[in-house]
Amino acid sequence: MSDRERLLVSRFARAIATYEAQATVQREAAERLAALMGRHFHVLGPRILEVGCGTGLLTRRLLARFAPAELVANDLCPDMGICFANVPRVRFLPGDARRVAWPGPFDAIASASAVQWFDDLPAFAEQCAEALPPGGLLALSAFGPDTLREVRALTGRGLHYPDANALAATFEGHFRTLECERAVRTLAFPDARAALRHLRETGVTATANPAEPWTRARLEALDADWRRRFPHPDGGLALTYEPLWYLGARR
């Protein structure tokens, strides 16, 4: 496991207890993904792989909507397994989805708010194709380039996010596109401290830099700059998310 992956594991492990209270956009993304899957996925008692299951926002919706014979819930963070202890028909599979052996084949592969962390999406597309039969469903939500644009502009830190067209194009060689959607959601926070707490409690600590801790002076400067450059129309500070959804059928 790389140093970057160890850092991600530790941050998401610390956020287990707070994630679902803060993850409003991620919850919406999971709900919409399950609804889109319902348009195209009608297999009885399917086997489903979920990549990046986290605390189970999507997992619970897949169980309720599709009644799978087995749902393999994978996450990089092994501590997430506590969220699925004694949940019928769910097998927790810890580890990096790009490296652990998948107990396929599957009828569908789903992933909500996870693949934006992957640095080689074409390889992941091929991996998914190998685990699905012709017609098998791939259903993803991710985040586009407008996500946390305020943080990136103010701090110079953040992930590189693919746009909707680039995401679809990544999977085009192996999958026939069924759905491709995007939305923009802007959250409001009373101050920079609250916005940073929101990011920390969802494990998305894009602004974290151990060499430059958030002193009171730095935090006040960030708050003033954020308030000046990115005010929310309803008051406070704006923080933007751009959720994307992609569904494809295995060629």
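Just above, that's the structure.
Residues numbered from 1 in each chain as written. Predicted model: local features only at pLDDT ≥ 70, side-chain atom pairs only at ≥ 80, totals over all residues. Heavy atoms only, no water.

Draft legend 1. Structural detail: the sheet that holds strand S6 (residues 175-182). Pairing in this open sheet of seven strands is mixed, and the strands run S3-S2-S1-S4-S5-S9-S6 from one edge to the other. The sheet is open, and its two edges are formed by strand S3 (90-94) and S6, each paired on a single side. The average angle at which neighbouring strand axes cross in this sheet is 15 degrees, direction not considered. Relative to strand S2 (residues 70-75), strand S1 (residues 47-51) is paired through five bridges, and the arrangement is parallel. Opposite Leu49, over in S2, you have Val72 as the bridge partner. Helix H5 (residues 121-130) rests against S1, strand S4 (108-112), strand S5 (137-143), S6 and strand S9 (243-250) of the sheet, and its axis sits at about 125 degrees to S6. (Pairing = 2+ DSSP bridges. Helix = DSSP H or I, 4+ residues; strand = E, 2+ residues; numbered from the N terminus. Axes fitted to C-alpha atoms, helices over the stretch in contact; angles between N-to-C directions. Contact = heavy atoms within 4.5 Å.)

Draft legend 2. Spatial organisation of the side chain of Thr147. Checked against the element boundaries, Thr147 lands in the loop between S5 and helix H6 (149-155). A polar contact of 2.8 Å, which involves the side chain of Thr147, links it to the backbone oxygen of Gly144. Polar contacts involving the side chain of Thr147 include one to the main-chain amide nitrogen of Glu242, which spans 3.0 Å. If we skip the residues at most four places from it in the chain, Thr147 touches Arg152, Tyr161, Thr240, Tyr241 and Glu242. (Polar contact = N/O pair within 3.5 Å; in protein donor to acceptor, adjacent residues only side chain to side chain.)

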